[in-house]
Amino acid sequence: MKWGVISTAKIGTDKVIPAMQESDRLEILAIAGRDFEKTRAVAEKLRIPRAYGSYEELLADPTIEAIYNPLPNHLHVEWTIKALEAGKHVLCEKPIGLDTADAKRLIAARDKSGKQVLEAFMVRHHPQWQHARQIVANGEIGDVTTVQSIFTYFNADPDNVRNKKDIGGGGLLDIGCYCVVGPRYILDREPVRVVSLIDKDPKFGTDRLASGILDFGSGIQASFACGTQSAAVQRVHILGTEGRIEIILPFNAVQENPAVIRVGTQKQPGFDEAREISFPVCNQYTLQGEAASAIFAGESTVDYPIEDAIKNMQILDALARSSKTGSWEMVA
Ligand SMILES: NC(=O)c1ccc[n+]([C@@H]2O[C@H](COP(=O)([O-])OP(=O)(O)OC[C@H]3O[C@@H](n4cnc5c(N)ncnc54)[C@H](OP(=O)(O)O)[C@@H]3O)[C@@H](O)[C@H]2O)c1
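Residues numbered from 1 in each chain as written. Predicted model: local features only at pLDDT ≥ 70, side-chain atom pairs only at ≥ 80, totals over all residues. Heavy atoms only, no water.

In this section: the pattern of salt bridges. In total, this model carries 28 salt bridges according to the counting rule given. In this structure, R40 engages E37 in a salt bridge whose closest nitrogen and oxygen atoms are separated by 3.1 Å. A residue pair is termed a helical-turn pair when its members lie 3 or 4 positions apart in one helix, as R40 and E37 do in helix α2 (residues 36–45) at 3 residues. Owing to a relative accessible area of 46%, E37 belongs among the partly exposed residues under this scheme. A salt bridge links E307 to R110; its shortest N-O distance comes to 2.7 Å. In this pair, E307 is assigned in helix α9 (residues 306–325) and R110 in helix α5 (residues 100–113), connecting sequence segments 197 residues apart. Overall, E307 belongs to the partly exposed group, its relative accessible area being 34%. Taking relative accessible area as the criterion, R110 reaches 12% and is therefore assigned buried. Connected via shared salt-bridge partners are R235, R244, E246, R262, D272 and E276. (Salt bridge = Lys/Arg side-chain N within 4 Å of Asp/Glu carboxyl O. Helix = DSSP H or I, 4+ residues; strand = E, 2+ residues; numbered from the N terminus. Buried < 20%, exposed > 50% of the residue type's maximum accessible area, 1.4 Å probe, protein only.)

This next bit is on the site of the ligand. As a structural note, the neighbourhood of the ligand is formed by 24 residues, with T8, Y55, N73, R162 and Y285 the closest of them. N73 places a side-chain nitrogen or oxygen 2.7 Å from an oxygen atom of the ligand. Contact distances for the ligand include 2.8 Å between an oxygen atom and a side-chain N or O atom of R162. Relative to its unbound accessible area of 900 Å², the ligand is 83% covered by the protein chains. Those elements giving two or more residues to the shell around the ligand turn out to be α1 (10–21) and α7 (171–187). Residue composition of the shell around the ligand, by class: 12 nonpolar, 6 polar and 6 charged. (Near = heavy atom within 4 Å. Polar contact = N/O pair within 3.5 Å; in protein donor to acceptor, adjacent residues only side chain to side chain. Areas by Shrake-Rupley, 256 points an atom, 1.4 Å probe, with all protein chains shown as cover. Nonpolar A, V, L, I, M, F, W, Y, C, P; charged D, E, K, R; others polar.)

This part covers the packing of helix α4 (residues 76–85) against α5. Packed helices, taken two at a time, are described by the angle their axes make and the gap between the axes. For the pair α4 and α5, interaxial distance at closest approach is 9 Å and the crossing angle is 5°. Looking at the two axes, α4 sits roughly parallel to α5. Seen from α4, the contacting residues are V77, E78, T80, I81 and L84; seen from α5, they are D102, A103, R105, L106, A109, R110 and S113. Taken together, the residues of the contact of α4 with α5 break down into 6 nonpolar, 2 polar and 4 charged. (Axes fitted to C-alpha atoms, helices over the stretch in contact; angles between N-to-C directions. Parallel < 35°, antiparallel > 145°, perpendicular 65-115°, else oblique. Contact = heavy atoms within 4.5 Å.)

Let's shift gears to α7. Structural remark: α-helix, 3.6 residues per turn; residues separated by three or four positions point the same way. Over its 17 residues, α7 extends 23 Å from the first C-alpha to the last, a length consistent with the 24 Å expected when each residue adds 1.5 Å. C177 marks where α7 bends most, by close to 35°. Across the 17 residues that make up α7, a large majority, 17, are buried. Where α7 ends, the next residue or the one after it, D188, has phi of about 55°, a positive value. (Expected span 1.5 Å × (residues − 1). Bend = angle between axes of the 7 residues up to and from the residue.)

Applying the stated rule across the entire model yields 9 aromatic pairs. Measuring from centroid to centroid gives 6.4 Å for W129 and Y185, while their planes differ by 70°, and the two rings are edge-to-face. With W129 in helix α6 (residues 127–137) and Y185 in helix α7, the pair connects residues that are 56 residues apart, well separated along the chain. Across this residue pair, the class does not change: W129 and Y185 are buried. Aromatic pair F151 and Y178: ring centres 5.7 Å apart, planes at 55°, arrangement tilted. You can see F151 sitting in strand β7 (residues 144–154) and its partner Y178 sitting in helix α7, a full 27 residues away along the chain. On the basis of relative accessible area, Y178 is assigned to the buried category, the value being 7%. Through a chain of ring-to-ring contacts, the aromatic side chains of F121, W129, F151, Y178, Y185, F251 and Y304 assemble into a single cluster. Lying over the aromatic face of Y185, R133 brings its terminal NZ or CZ to 4.3 Å of the ring centre. (Phe/Tyr/Trp six-rings, centres within 6.5 Å; stacked < 30°, edge-to-face > 60°. Lys NZ or Arg CZ within 6 Å of the ring centre and 35° of its normal.)

A word on the pairing of strand β13 (residues 259–264). Counting buried residues along β13, 5 of its 6 residues qualify, which places the element largely inside the surrounding structure. Strand direction decides the pairing type here: strand β12 (residues 244–247) and β13, joined by 4 bridges, are antiparallel. Residue pairing in the sheet places R244 in a bridge with G264 of β13. Of the pairings in the sheet, the one linking β13 to strand β14 (residues 275–279) comprises 5 bridges and is antiparallel in character. Its bridge partner lying in β14, V263 is registered against R275. (Pairing = 2+ DSSP bridges.)

When the domains of the protein chain are assigned, the result is domain 1 (2–120) and domain 2 (127–280 + 312–330). The C-alpha-based centres of domain 1 and domain 2 are spaced at 27 Å. Each side of the interface is counted separately: domain 1 has 13 residues, and domain 2 has 12 residues. Across the domain 1 to domain 2 interface the summed buried area is about 1,000 Å²; carbon plus sulfur atoms make up 55%. Connecting domain 1 to domain 2 are 1 salt bridge. Among the ionic pairs, D174 bridges to K94, the shortest N-O distance being 3.3 Å. The interface formed by domain 1 and domain 2 includes 6 residue pairs in polar contact (both at pLDDT 80 or more). For the side of domain 1 that touches domain 2, the per-class residue count stands at 5 nonpolar, 4 polar and 4 charged. (Domains from an automatic or database assignment. Buried area = accessible area lost by both parts, 1.4 Å probe.)

Here's what the structure looks like:
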């Protein structure tokens with residue numbers, strides 16, 4: 001699969017492009033940026049054969065079959081549609097759009113183009129999540145009643161895309177989306193209603209701390225906290241009637257060390273006994289690029305189509321609504 005990248009975004013140049021270049025199942029042939037000289041320098045550094053000074057030129061390149069779109073959130077849908085219209089498959093960064101209405105525009109464009117669009121939730125490609133999901137599905141920790149997620153970091157840079165309200169900034173869209181997709185993936189079911197509490201930065205107008213509860217029905221609930229002006233931490237706890245799973249570095253698993261999850265079965269408080277399961281070193285962005293390439297080549301089927309991305313947006317929208325109404329909001 002021959003890939004092109006729209007923009008010199010940090011996530012692309014620091015993580016996703018180098019990771020994809022580790023695979024022999026795909027090639028990154030081109031990168032486009034608004035500033036040609038900057039883009040050319042990035043291409044040279046990353047050994048990408050072609051640099052373009054506009055996104056349009058990249059989309060007009062007939063050798064490119066797939067686009068990786070790591071633009072700021074407000075441009076995800078617009079440029080994904082343009083890429084589809086140019087006959088390319090698209091792997092688009094999370095969140096798929098600004099809101100549900102924005103994301104829904106992708107359905108018609110995808111169907112008209114006959115190409116595929118995938119949301120870049122790399123975590124679903126990491127074996128630690130796949131194994132945790134398998135443990136839950138096997139019933140090893142009994143009936144799962146709660147998934148708790150925390151994901152925070154500190155970033156108060158006014159120039160960062162995350163702190164710009166008008167282009168889709170804020171913690172809920174940036175990292176809250178993982179706290180929604182994670183429980184959906186583990187539980188393999190959808191929440192019916194949500195409630196949230198959100199604190200906004202007075203200068204940026206973006207959410208800097210969001211807490212929420214997702215009601216999956218039948219007594220099953222997920223809760224989360226995500227923040228952009230707190231010390232950095234990330235953890236997921238999956239609680240069942242017979243045991244628990246703890247994912248130590250759920251979202252930014254590193255390539256340098258094996259990822260570790262802990263599975264505990266003690267039932268009395270005051271103990272922290274758990275068996276550790278570690279996974280061979282891997283790069284979730286490489287796995288994501290390979291999985292997307294296989295889907296685009298028609299070699300494997302789509303597990304998480306754009307309709308799944310829309311469900312995630314509907315939950316994020318309901319969380320945002322709840323913070324305004326102060327009450328439970330139905331999803332959808
Ligand atoms: N999956 C993950 O692990 C992960 C991690 C971090 C971020 N992300 C996602 O990746 C996306 C990019 O995040 P990032 O932190 O990499 O952003 P970033 O470094 O600010 O990059 C965004 C790029 O978009 C281009 N751009 C076009 N119009 C722009 C505008 N109006 N304002 C700013 N940039 C504009 C710029 O590239 P040119 O100048 O080259 O055109 C810029 O470098 C976001 O959607 C974010 O949610 C995903």
